[in-house]
Amino acid sequence: TIITINTLASSSISLFAQSLIQLLSRAFFAFKDSITPFLVGVISTIINILLGIYFVYYTKIFDVEGLALAYSISNIIALLMLWLILKVKIGELDEALIFSSSLKIGIATFFMALAIQGMKYVIEPYFGTTTFIGILTQGVGSGIIGISIYMCICFLLKSPEAILFVSSFQKR
């Protein structure tokens, strides 16, 4: 179970990169350029393999977690490559706005993670972690509190993405 959690944590480091790679690849596709995302993907895969070998065989610290960490690092590198190539190709990408939004989301995410971790310890004495129901209750309860904290902080920071998200439900 601990190896699974560590592997999941290592692979979750790059969730933002995995999402943005899809977005940036579509920007290249809009320019009828499918070769750039392909080549970046090939380079990223080579980096992933080399880092995986390094983490698992040479550091002797990681097992399967090293593969997940290698995957995360190679995805972040791929994102940076796509970003830089796109910036050269089209120029200004309004990085100040993107940085501002990312900072707000990052702050909210940090407090969400703290709330989730804290709630796990609050719930655990009542339901335990030795049964499926106990773990489910801990996960669902912590998740609900975490998401609530995230949304509240996003609203306090006036995150346009959070406001747009909520308004999309209000229009229906």
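Use the structure listed above.
Calculation rules
Residues numbered from 1 in each chain as written. Predicted model: local features only at pLDDT ≥ 70, side-chain atom pairs only at ≥ 80, totals over all residues. Heavy atoms only, no water. Helix = DSSP H or I, 4+ residues; strand = E, 2+ residues; numbered from the N terminus. Rg over C-alpha atoms; globule rule 2.2 N^0.38 Å. Buried < 20%, exposed > 50% of the residue type's maximum accessible area, 1.4 Å probe, protein only. Areas by Shrake-Rupley, 256 points an atom, 1.4 Å probe, with all protein chains shown as cover. Lys, Arg positive; Asp, Glu negative; His and termini not counted. Charge placed at Lys NZ, Arg CZ, Asp CG, Glu CD. Expected span 1.5 Å × (residues − 1). Contact = heavy atoms within 4.5 Å. Patch = residues over 30% accessible without salt bridge, like charges linked within 9 Å, V, L, I, M, F, W, Y side chains within 5 Å. Salt bridge = Lys/Arg side-chain N within 4 Å of Asp/Glu carboxyl O. 1 Å grid on protein atoms, 1.4 Å probe; cavity = no way out; pocket = protein on both sides within 12 Å on 5 of 7 lines; lining within 4 Å. Points joined across faces, edges and corners; volume = space filled by probe spheres on them. Nonpolar A, V, L, I, M, F, W, Y, C, P; charged D, E, K, R; others polar. Polar contact = N/O pair within 3.5 Å; in protein donor to acceptor, adjacent residues only side chain to side chain.

S.K.: Please clarify how the overall build of the protein should be interpreted in this entry.
M.R.: When its secondary structure is counted, the protein shows 7 helices and 0 strands. Mapped from its N terminus to its C terminus, the protein presents α and β elements in the order α-α-α-α-α-α-α. Radius of gyration (C-alpha) of the protein: 20 Å, far over the 16 Å computed for a compact globule of 172 residues. Expressed along its principal axes, the backbone C-alpha trace of the protein runs to roughly 55 × 50 × 25 Å. By the burial criterion, 26% of the 172 residues in the protein qualify as buried. For the protein, the exposed surface amounts to about 11,600 Å²; the carbon and sulfur share of it is 75%. If you average the places of the 10 positive and of the 8 negative side-chain charges in the protein, the two averages end up 8 Å apart.

S.K.: Help me understand helix H5 (residues 95-127) in this model?
M.R.: Count 3.6 residues to each turn of an α-helix, and residues three or four apart come out pointing the same way. Compared with the 48 Å implied by 1.5 Å per residue over 33 residues, the 46 Å span of H5 between its first and last C-alpha is a close match. Every buried residue of H5 is accounted for by Ser101, Ala108, Ala115 and Ile123. Those residues of H5 that are buried are in contact with helix H6 (132-156) and helix H7 (160-170). A positive backbone phi angle near 70° is found at Gly128, which sits one or two residues after H5.

S.K.: I'm lost on a nonpolar patch on the surface in this one. Help?
M.R.: Taken together, the side chains of Phe99, Leu103, Ile107, Phe110, Phe111, Leu114, Ile145 and Ile149 present a nonpolar region at the surface, about 720 Å² in accessible area. Looking at the nonpolar patch, the elements with two or more residues in it are H5 and H6. If you tally residues by element for the nonpolar patch, the top one is H5, at 6 residues.

S.K.: Teacher, can you tell me more about the layout of surface pockets here?
M.R.: Empty space within the largest pocket amounts to approximately 600 Å³. For the largest pocket, the lining is made up of 21 residues, of which Phe16, Leu20, Trp83, Ile98 and Ser102 are closest to its centre. Elements supplying a minimum of two residues to the lining of the largest pocket: helix H2 (15-30), helix H4 (64-90) and H5. Looking at which element gives the most residues to the lining of the largest pocket, the answer is H5, with 7 residues. Each residue belonging to the lining of the largest pocket can be placed in one class, and the counts come to 15 nonpolar, 3 polar and 3 charged. In this model, the second largest pocket occupies a volume close to 480 Å³.

S.K.: For this particular structure, what's the right way to read the side chain of Ser101?
M.R.: Mapped onto the fold, Ser101 is located in helix H5. There is a polar contact of 2.9 Å between the side chain of Ser101 and the side chain of Glu161.

S.K.: What's the story with unusual backbone geometry in this structure? I'm lost.
M.R.: Backbone geometry follows two general trends: most residues other than glycine have a negative phi, and most peptide bonds adopt the trans configuration. Phi angles above zero are rare outside glycine, and Asp94 is one such case at about 55°. Relative to the helices and strands, Asp94 resides in the loop between H4 and H5. Although it is not a glycine, Lys158 adopts a positive phi angle of roughly 55°. When you line up the elements, Lys158 lands in the loop between H6 and H7. Exposure remark for Lys158: the relative accessible area of 60% places this residue in the exposed category.

S.K.: Could you clarify how one ought to interpret the pattern of salt bridges in this entry?
M.R.: Side-chain pairs of opposite charge can arise whenever the charged atoms involved come near each other. Per the counting criterion, the structure on display carries 2 salt bridges. Here Lys89 ties to Asp33 by a salt bridge, and the two come within 3.1 Å at their closest N and O atoms. With Lys89 in helix H4 and Asp33 in the loop between H2 and helix H3 (35-58), this residue pair connects regions lying 56 residues apart in the sequence. Looking at Asp33, the relative accessible area reads 10%, which means it is buried. Glu95 is the partner of Lys87 in a salt bridge, and the nearest nitrogen-oxygen pair spans 2.9 Å. For Glu95, a relative accessible area of 22% translates into the label partly exposed.

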